[in-house]
Every structure is written in structure tokens, then in C-alpha cells.
Amino acid sequence: MRIDKYLWHTRYFKTRNIASTACKKGQVKVNGQVVKPSREVYPSDEITVRKNQINLQFTILDIPSNRIGAKLVDMYRKDTTPKEAFENEELLKYAKSYYRKKGTGRPTKKDRREIDDYLDDESE
């Protein structure tokens, strides 16, 4: 089965098109090599998928014949993602929540005062 199709069947991506795009961007590796969407996968292949700044790792146990329910996904793969990857995700959430998104406009009055205080402390 094609890698993009497998990732869609096992619900790593919502659509096959998104799975295919991820392969083209180099976010999917099979046995340590970046692959094209048409790459065939077989049981015992080790796959790494970069999704939401996390490298998800798993081993293929079996190939599903069609798209399967979320509860049945574990029958077709063995998750080998290290726990540190999820801990890093928690840290990223805290870091992102403090800062405003780029392009959200001018600094607020509070932001402006913090910038002024920082620049005053630096010049002394």
C-alpha cells in the first residue's frame, strides 16, 4: 500500500491529499529515509511523521484494507514515540500562549510599557 494511503487509512491525516502533501514536504520518513507519497510500505516498516512539531514514530503491524475507525488503529501499528516528544509539546504550548500572534497589530499599552522599562534598564 502507498504511504499516503496508509497514513490516511490509519487516521494520521484527515484527508489523503494532506497526507500526500506531508510526504512531498519531507515530513514523512520510512526506515529513516524521506519518501514520496507513492512509496510502498510493508509490515515491520518503521515510520516517522512530523506533525504539530512532534515526531510521531510507529511500526506497521498490518495493512488495513480500507479506512478504519479510531479505536481499531492500534491493531495496525505499534506506537514507539518517546514520551519526551509529548513533554516538549507541553512546553511549546506554554511558550506560545504568552506571545501574541504575528500581525495582530500594534503593541498594547502594557506591552509598550514593558518595552520601555526593558530599554531603560538596558541603557543604565
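### Details of the side chain of Thr 10
Move 1: Along the chain, the position of Thr 10 falls in the loop between helix H1 (3-9) and helix H2 (16-24).
Move 2: A polar contact of 2.8 Å, which involves the side chain of Thr 10, links it to the backbone oxygen of Tyr 6.
Move 3: Among residues more than four places away in sequence, those in contact with Thr 10 are Pro 64, Val 73 and Tyr 76.

### Notes on the pairing of strand S4 (residues 54-60)
Move 1: Across the 7 residues that make up S4, a large majority, 5, are buried.
Move 2: Relative to S4, strand S3 (residues 46-51) runs antiparallel, the two being bridged by 6 bridges. Along S4, the bridge assignment pairs Ile 47 with Phe 58.
Move 3: The turn joining S3 and S4, which pair antiparallel and follow one another in sequence, is formed by 2 residues; a positive phi near 55° is taken by Asn 52.
Move 4: Direction of pairing for S4 relative to strand S5 (residues 77-79): antiparallel, over a ladder of 3 bridges. Opposite Thr 59, over in S5, you have Lys 78 as the bridge partner.

### Notes on the pairing of S3
Move 1: Judged from the 3 bridges that link them, strand S1 (residues 28-30) and S3 form a sheet pairing that is antiparallel. The residue bridging Lys 29 from the neighbouring strand is Thr 48, located in S3.

### Here we look at the side chain of Asp 45
Move 1: Topologically, Asp 45 is positioned in the loop between strand S2 (33-34) and S3.
Move 2: Within the structure, the side chain of Asp 45 is placed 2.9 Å from the backbone nitrogen of Tyr 42, a separation counted as a polar contact.
Move 3: Excluding residues that lie within four positions of it along the chain, Asp 45 makes contacts with Val 30, Asn 31, Arg 39, Glu 40, Phe 58, Thr 59 and Ile 60.

### Section: unusual backbone geometry
With the exception of glycine, most residues fall at negative phi, and the peptide bonds are largely trans.
Move 1: The residue Arg 11 is not glycine, and still its phi comes out positive at about 65°.
Move 2: You can see Arg 11 is positioned in the loop between H1 and H2.
Move 3: Of the residues examined, Arg 11 reaches a relative accessible area of 40% and is grouped as partly exposed.
Move 4: One non-glycine residue with positive phi stands out, namely Asn 31, at about 55°.
Move 5: On the secondary structure map, Asn 31 appears in the loop between S1 and S2.
Move 6: Residue classification places Asn 31 among the partly exposed positions, given a relative accessible area of 44%.

Cut-offs and rules
Residue numbers run consecutively from 1 along every chain, following the written order of its sequence. Where local features are concerned, this predicted model is filtered to residues with pLDDT of at least 70; where side-chain atom pairs are given and counted, the filter is 80 or more; whole-chain, interface and lining totals use all residues. With hydrogens and water set aside, each side-chain value is computed from the structure's full complement of heavy atoms. Per the convention used, a helix needs a DSSP run of H or I reaching at least four residues, while a strand needs a run of E reaching at least two, with both numbered from the N terminus. Pairs of N or O atoms within 3.5 Å make up the polar contacts considered here, provided that, within protein, one atom can donate a hydrogen while the other can accept it, and that residues adjacent in sequence are counted only when both atoms are side-chain atoms. Pairs of residues are marked as contacts when any of their non-hydrogen atoms sit within 4.5 Å. Under the scheme applied here, a residue whose accessible area is under 20% of the maximum for its type counts as buried, over 50% as exposed, and between as partly exposed, the area being computed with a 1.4 Å probe on protein chains only. DSSP-based pairing: two strands are paired if at least 2 bridges between them are found.

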